[in-house]
Amino acid sequence: MNNNHPLQDNPTTGMGFDKGIETFVTALREEGLDTAEPYKAGKAASISEPTVRFQGGMAALFKAFSIAQARGLPVLDVRVAYYSVGSQLGSWWEMTFAAQPSYNGPSYGSV
């Protein structure tokens, strides 16, 4: 863990994130989206794709997707996930990205 990393999940705990997802997190945060728990996926990870979590309503979802599209980020999907803490139920959005930075979108062949 690098407490000097410029972007952190939680400034209180100093939990950072993997540099492999920094491009995605930076793009969203520069546009004012409050991200949390970004993950660079891998063999030891519990998820298989680079994923960024953020909270908010539908407006936050559309804002995040709009930012990603405008910056050419390789969005694979966006989903809502639910969590519980004690008797409280909450939700957040999860945006996953293609791991390859050279991703240019799906190829449909010549039309």
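For the structure, see preceding data.
Residues numbered from 1 in each chain as written. Predicted model: local features only at pLDDT ≥ 70, side-chain atom pairs only at ≥ 80, totals over all residues. Heavy atoms only, no water.

Q: Any details on the nonpolar core? Residues and values, ideally.
A: In terms of nonpolar packing, the biggest core is built from 18 residues, with Val52, Phe54, Met95 and Phe97 touching the most fellow members. For this core, the secondary-structure elements that each account for two or more residues are helix 1 (22–30), strand 2 (51–54), helix 2 (58–70) and strand 4 (88–97). Broken down by element, this core gets its largest block of residues, 5 residues, from helix 2. (Core = buried A, V, L, I, M, F, W, Y, C linked by side-chain atoms within 4.5 Å. Buried < 20%, exposed > 50% of the residue type's maximum accessible area, 1.4 Å probe, protein only. Helix = DSSP H or I, 4+ residues; strand = E, 2+ residues; numbered from the N terminus.)

Q: So what's going on with the pattern of salt bridges? Which residues, and what values?
A: A complete count under the given rule lists 5 salt bridges for this structure. In this structure, Arg71 engages Glu31 in a salt bridge whose closest nitrogen and oxygen atoms are separated by 3.1 Å. With a gap of 40 residues between them, Arg71 in the loop between helix 2 and strand 3 (75–85) and Glu31 in the loop between helix 1 and strand 1 (35–39) connect regions that are remote in the sequence. A salt bridge links Arg79 to Glu94; the shortest N-O distance between them is 3.1 Å. Residue Arg79 is found in strand 3, and its partner Glu94 is found in strand 4; the two are separated by 15 residues along the sequence. On the basis of relative accessibility, which here comes to 9%, the residue Glu94 falls in the buried class. (Salt bridge = Lys/Arg side-chain N within 4 Å of Asp/Glu carboxyl O.)

Q: Any chance you could break down helix 2 for me, citing the residues and the numbers?
A: Between its terminal C-alpha atoms helix 2 stretches 18 Å, which fits the 18 Å expected from 13 residues at 1.5 Å a residue. Looking at the buried residues of helix 2, the elements they touch are helix 1, strand 2, strand 3 and strand 4. Just downstream of helix 2 lies Gly72, where phi reads positive at about 70°. (Expected span 1.5 Å × (residues − 1). Contact = heavy atoms within 4.5 Å.)

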